[in-house]
Every structure is written in structure tokens, then in C-alpha cells.
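# Structural features, examined
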Amino acid sequence: MILEAQNVTKTFPKSNFHLQIDDFKIDEGSFSAILGPNGSGKSTFLKIILDLLFADEGRVTLFGGNHKKKESRARVSYLPENFAFQDNFTVAQMLHAFADLKPSTPDRLKHKINELANAFNVDYLDKKIKNLSKGMKQTAALMQTFLADDRLYILDEPFNGLDAVQKKAIMDYIFRLQDERNISILITTHILSDIDKTCDTLHLIKNGRIINSATKSEIQQEFDSVEDYYLNHFQTNQSVST
Amino acid sequence: MIRYNLRILFRNKVLWAWPAIFLILMLGIFTWGDISPEPNSYSFFIMVGDASIPVNLVINQIISLVLLIAIIGLPSHLSENIEPESASLLLSKSISRSDFFLADLGAVAIFTFAYTFISVLLLGIVVVFKGAIFPFQFFAGMFLFFPLLIMTYYVTAALILILTNSYLGAVFLGYVLTGFSSIFLNLKQVLQFFGIQSKLTRVAINLLSYLIPSAEGVQRIMSQIFNGGFAAIDGSLLIFVLISCLPLGLVSYFLFLKKEF
């Protein structure tokens, strides 16, 4: 297991939201998704994994170590749902600045930036961030996420604002990394078509709780599509809760 | 993380005004002025037309202006870095909160030393060319203590930023609160002015004086060096200045360790 979370709780008294994750695991080389409606706790859970938010209780381990230790997070890259860069930097300058945080040799860095620019069809490395469209900014953010050769990539709504061509380019790159380096991916999304053909494990989250986890093959045995699986659980749960 | 912060600081256009002011001063003296040594002092005169102005007067005015620029420009990167949208990216690069905070202070210290070095260098060039003198103690004093003066303001601004996430609040309160430090070094006169004689009040204010970074103390030390060289530094004042930076610095540090993004 490269990621384990057990009995994790976090309460936000002001918004009356309570997150409770009893048991959550990610295998090496897996492509997992956390699915759920807006406000269900997807981003909150990811932030707890990365120690950006502090859990009230529970235990999170990354690569076997306590997630609070920076050494445990050293092989993890994260793309938050909402991010901000220095607007007056160009994309290339931004990537170089972030490379300072996970040092690399200049030759390797240049090679990696070129590799990502080619893979993501980015021809605006010299454009300032403030002049980019939403989709371009999102692609630039994905570039900084994949800049380091990490083993686990945690992507929070990674396809926000991307068109079908960009999505495909990024998915192709992720699959290539999985083939070459056996990386693990954990993504959150509320758009089912984003993960319909890609994920091998799905976790459904509602009101701060994982209500179901299943592998793709388990889903395929019972349902026609991921959408059916999702609707089945959420419509059933909604009818129960109402 | 220090390199990351330095990249941002050196691209901050507001802060470019700092060396620009010294450049304008240098060009002004080269074009219209002259330099002459000040007798029995480590300082010098700037001569414009028939007027001889002690450099301390000019430098004090420039320091006030540069301080204002620094206090406006320096906290802006910390303000951006601790926004959840930026902090979540930065802290996910396997950086601890401790590294994040200390790297920020480190980068600001390196930056202020670098810009002070440029400023002193520009001033040094014009003094050597025009006056054929090199008041080493004056320049060394400025190089060592001007960054410390700026750091006294920055420490207060950083605390307010961490507490409130408000850049404007940090700039304003940082400037005002640190400015209060002058009261503590003129305590006798202030207490007399308000007619306060209570020993308890005196002790309480004395204790309070250790809680606010003493910018006034640094300025006094700089004046002591400009007038009498390093030998004239009041050691107890120097220790007081260094101690006074610790409480707010430590409070900021511990608050930052508990901050969620």
C-alpha cells in the first residue's frame, strides 16, 4: 500500500460538515478515483492526506510513513482544485520556480519541460500566466504537477476547463507514465466521463463518508457503465436520506 | 524554498524603487554635487551648491523612504504564498511548515542584504570618485544594520499576515506597531509627558518594550556607527534590539505551524 487512511475524522463546526473516512487504501500502480457531488468532502480528504488540513483523529500513511513527515510526502505530487501562480511569471519561469522546490539538474529540467510541453501540446511556455485562458492555466498547472518524477500523483479535479483534445493528451501521458514507471494516480472528479475508461478503482463519497468502493471489473459485472454505478448509489442513497 | 522566494522578491517591481532611489542619489551627486569628509567622524558631507549637508540627514530621509517601500513590497510575496491556493501547491512539494516559514525569513534577509549591498555600493562609488575617501565604518554599519532595521518591521508584518491573512493590515499595522518602538526608548520623557509615576506602569511598559521589535534601537545603533564608528555601539542596546525581535518572530512561527490551508 502506498497510501492508507484509517478512522480519519475532521469536523468543520461552522459549516456543520463532518468527514469520516474509516478505511481507504491505494495500491502501487493503481488509478483510483474518488467520485462524489460538490461539497461531499473529496478535496477535504485530499488536503488531509497532504497535511494541508489537520485531521481531528485517525491515521494516514504515505509509503508506510506518517504523512506529517515531509519525507513521506517526498514522492507525492499534488494538483489542487484551486491554485494560484505568480501572474507576472511566464509558464517557463513558473515551472523553473517550482522546480526549485523539488530540485533537479538544469539539463534534466529542460528535458522534462520540453517533454511535458510536447506531451500536453503546450506552445505557450513564454506567455505570462496572466494572459492564459482557464484551460491553458490548468494545463500549465498539470505540467508543474508532473515536473517531478514522483510515485503518487494526487489530482483534484484535474480536467477543469480542459477540452477533449487536452484531456486526451494528458490521459495519454498518464498512461505512458504508468507503463514506464508504474506510478499511482488518485483523482477526484464529479464528471463521470472523465474517468469512465481510465480508473481501475472507484470510491464513492457522500456527505463526508465513503459509501462504496469497487474495482472496475466489479462494476462491469453489475452495471452497464460507471454512470449507472454512480447513479445507482447516489439515487438510492438520496431516496434513503429523503 | 529560499530560491523560490528570492525569484519572486527580485521580480517585485515595487522593490525596484529601493535601488532606484540610491541610483538617483548617486547620479544627482555626480551631476550637481560633491563630497567632502566630515572632521572627527566616520561620515561625510554632501555638497550641493554652497550648502554642505551631513550625509546622516540625507541617509535618514532616504532610509525612511526605502523603509516604506520595503514594508509595502516585502510582505506581498508572503501574503500570496499563504493564500490557500498557493500554499497548497507549495506545501505539497514535501516542504514542512517550518521550512516554509524559515525559508521566507531567510529569503527576505538575503534580499535585504543584497539590495543594501547594491545601495551601499552605489553610494561608495560616488563617495570614492567625488571625495577620494572611503568611510569604511559608515558603509559597513549601513550594510550590517539597515537589513536588521527592515527585518524589525517585517517580523511584525509577518505576524499580522499570519493572523489575519490581510496584506493591507500587515503593511499598515506592521509600520505603525514597529514605529511604537521609539516610545519605549524614550520612556522617561513619555512617562513624564503623560504624568505617569507608577512604578508598576513603568515595569509593565518596560516588559512591553521587549515584545515589539525595536526599530528605533537599530536606528540609534546606526547613528552611533555613523558618528563614532563600531566602537561607539552601545552593546546593551544591540542585545535589546536582537531580543526584541524574538517574541513576535516565535509567535509567528508557532502560529504558522498550526495554520491550515
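Just so it is clear, the model here is predicted, and its values are computed rather than measured. (Residues numbered from 1 in each chain as written. Chains lettered and ligands numbered in written order. Predicted model: local features only at pLDDT ≥ 70, side-chain atom pairs only at ≥ 80, totals over all residues. Heavy atoms only, no water.)

### Topic: unusual backbone geometry
All names here are of chain A. Here is the rule we go by: Secondary structure elements are defined from DSSP: runs of H or I of at least 4 residues count as helices, runs of E of at least 2 residues count as strands, and each element is numbered from the N terminus. Each residue's exposure class comes from its accessible area (1.4 Å probe, protein chains only) as a fraction of the maximum for that residue type: buried when under 20%, exposed when over 50%, partly exposed otherwise.
The phi dihedral of Asp51 is positive, around 65°, even though this residue is not glycine. Examined against the element boundaries, Asp51 turns out to sit in the loop between helix H1 (42-49) and strand S4 (57-62). Of the residues examined, Asp51 reaches a relative accessible area of 7% and is grouped as buried. With a phi angle near 55°, Asn121 is a residue other than glycine that sits in the positive phi range. Looking at where Asn121 falls in the secondary structure, it is placed in the loop between helix H3 (106-119) and helix H4 (134-145).

### Looking at the environment of Ser86 of chain B
To keep things clear, this is the line we draw: A contact between two residues is defined here by any heavy atoms of the two lying within 4.5 Å.
Mapped onto the fold, Ser86 of chain B is located in helix H4 (residues 84-91). Given a relative accessible area of 10%, Ser86 of chain B falls into the buried group. With 175 residues separating them along the chain, Ser86 of chain B and Phe261 of chain B place their C-alpha atoms 9.2 Å apart. Leave out the neighbours within four places in its chain, and Ser86 of chain B touches Ala84 of chain A together with Glu80 and Asn81 of chain B.

### Regarding the nonpolar core
Cut-off, in case you're wondering: Remark: nonpolar core denotes a set of buried residues (Ala, Val, Leu, Ile, Met, Phe, Trp, Tyr, Cys) joined through side-chain atoms within 4.5 Å.
Membership of the largest hydrophobic core comes to 157 residues, with the highest contact counts inside it found for Phe120 and Phe146 of chain A together with Met142 of chain B. A total of 16 residues in this core trace back to one element, the largest contributor, which is helix H6 (residues 136-164) of chain B. Sequence-distant contacts of Phe146 of chain A, that is, excluding residues within four places in its chain, are made with Lys112, Leu116, Phe120, Tyr153, Leu155, Tyr173, Ile174 and Leu177 of chain A. With 5 residues, the next largest nonpolar core counts Leu187, Leu191, Ile205 and Ile212 of chain B among its residues.

### With respect to the pattern of salt bridges
In a structure, side chains of opposite charge can pair up when their charged atoms sit close to one another. Residue and element names in this part refer to chain A. Inclusion rule: What counts as a salt bridge is simple: a side-chain nitrogen of Lys or Arg found within 4 Å of a carboxyl oxygen of Asp or Glu.
Inspection of every chain in the model, using the stated rule, returns 18 salt bridges over all chains. Arg176 serves as the salt-bridge partner of Glu180, at 3.4 Å between the closest nitrogen and oxygen. Here Arg176 and Glu180 lie together in helix H5 (residues 164-181), a separation of 4 residues that amounts to about one turn. Among the ionic contacts, a cluster of salt bridges with common partners joins Arg108, Lys112, Glu115, Asp149, Arg176, Glu180 and Arg181.

### A closer look at empty space enclosed by the protein
Going by this rule: The distinction between a cavity and a pocket rests on a 1 Å grid over the protein atoms alone: a 1.4 Å probe fits inside a cavity but cannot get out, while a pocket stays open yet meets protein on both sides within 12 Å along at least five of seven lines, and a residue with an atom within 4 Å of a point counts as lining. Grid points are joined across faces, edges and corners, and a volume is the space filled by probe spheres set on the points.
Overall, the coordinates contain 1 cavity of 30 Å³ or more when judged by the stated rule. By volume, the largest cavity amounts to about 30 Å³. At the level of elements, helix H2 (91-99) of chain A together with helix H1 (2-10) of chain B are the ones that each hand at least two residues to the lining of the largest cavity. The dominant element in the lining of the largest cavity, judged by the number of residues it contributes, is H2 of chain A, at 3 residues.

### Topic: the environment of Ser41 of chain B
All names here are of chain B. Its location among the elements puts Ser41 in the loop between strand S1 (33-37) and strand S2 (44-48). Classification of Ser41 by relative accessible area gives partly exposed; the value is 21%. Expressed as a C-alpha distance, the spacing of Ser41 and Gln137, which sit 96 residues apart in the sequence, is 9.9 Å. With near-sequence residues (within four places) excluded, Ser41 lies in contact with Phe226 and Asn227.

### Focus: the interface of chain A and chain B
The test is simple: Here the quantity called buried area is the accessible surface, traced with a 1.4 Å probe, that two parts lose on coming together, added over both.
Listed by partner, the interface residues are 28 residues for chain A and 26 residues for chain B. Summed over both partners, the interface of chain A with chain B buries about 2,500 Å², with 54% contributed by carbon and sulfur atoms. When residues of chain A are sorted by the area they lose upon contact with chain B, Leu52, Asp100 and Leu101 of chain A head the list and together hold 24% of the total. Put simply, chain A and chain B have 5 salt bridges between them.

### Re the side chain of Ser88 of chain B
How we decide: For the purposes of these results, a polar contact is taken to be a pair of N or O atoms within 3.5 Å, where, inside protein, one atom must be able to donate a hydrogen and its partner to accept one; residues adjacent in sequence count only when each atom of the pair is a side-chain atom.
Mapping Ser88 of chain B onto the fold places it in helix H4. Among the polar contacts made by the side chain of Ser88 of chain B, one reaches the main-chain carbonyl oxygen of Pro84 of chain B at a distance of 2.7 Å. Not counting residues up to four positions away in its chain, the partners in contact with Ser88 of chain B are Leu52, Tyr78, Pro80 and Asn82 of chain A.

### What to know about the packing of helix H3 (residues 55-81) of chain B against helix H7 (residues 167-179) of chain B
Residues and elements named next belong to chain B. Our working definition: Between N-to-C directions, angles cover 0 to 180 degrees, with each direction set by a line fitted to C-alpha atoms, over the stretch in contact for helices. By convention, the crossing between two helices is left-handed when the near helix turns anticlockwise from the far helix through less than a right angle, and right-handed when the turn is clockwise. By the convention adopted, Pro, Cys, Tyr, Trp, Phe, Met, Ile, Leu, Val and Ala count as nonpolar, Lys, Arg, Asp and Glu as charged, and the other residues, Gly among them, as polar.
Where H3 contacts H7, the two axes come as close as 9 Å, and the packing angle between them is 140°. By crossing handedness, the relation of H3 to H7 is classed as right-handed. Only Tyr167, Val171 and Tyr175 of H7 make contact with H3, whose side of the interface consists of Leu68, Ile71, Ile72, Gly73, Pro75, Ser76 and Ser79. Here the contact of H3 with H7 is built from residues that sort into 7 nonpolar, 3 polar and no charged.

### Describing the confidence of the model for chain B
Residue and element names in this part refer to chain B. Put simply, the rule is: For every residue, the predictor assigns a confidence score, pLDDT, that lies between 0 and 100.
For chain B, per-residue confidence averages 88 on the pLDDT scale, and residues scoring 70 or more make up 100% of the total. Between the elements of chain B, mean pLDDT differs from a low of 80, seen in helix H9 (residues 187-194), to a high of 92, seen in helix H12 (residues 235-257). Interface confidence in the predicted complex, given as ipTM, is 0.85; pTM for the same model is 0.85.

### As for H3 of chain B
Inclusion rule: Given the number of residues in a helix, its expected span is that number minus one, multiplied by 1.5 Å.
Taking 1.5 Å of rise per residue, the 27 residues of H3 of chain B would be expected to cover 39 Å, and the 38 Å separating its terminal C-alpha atoms lies within 8% of that figure. Burial within H3 of chain B is extensive, with 19 of its 27 residues counted as buried.

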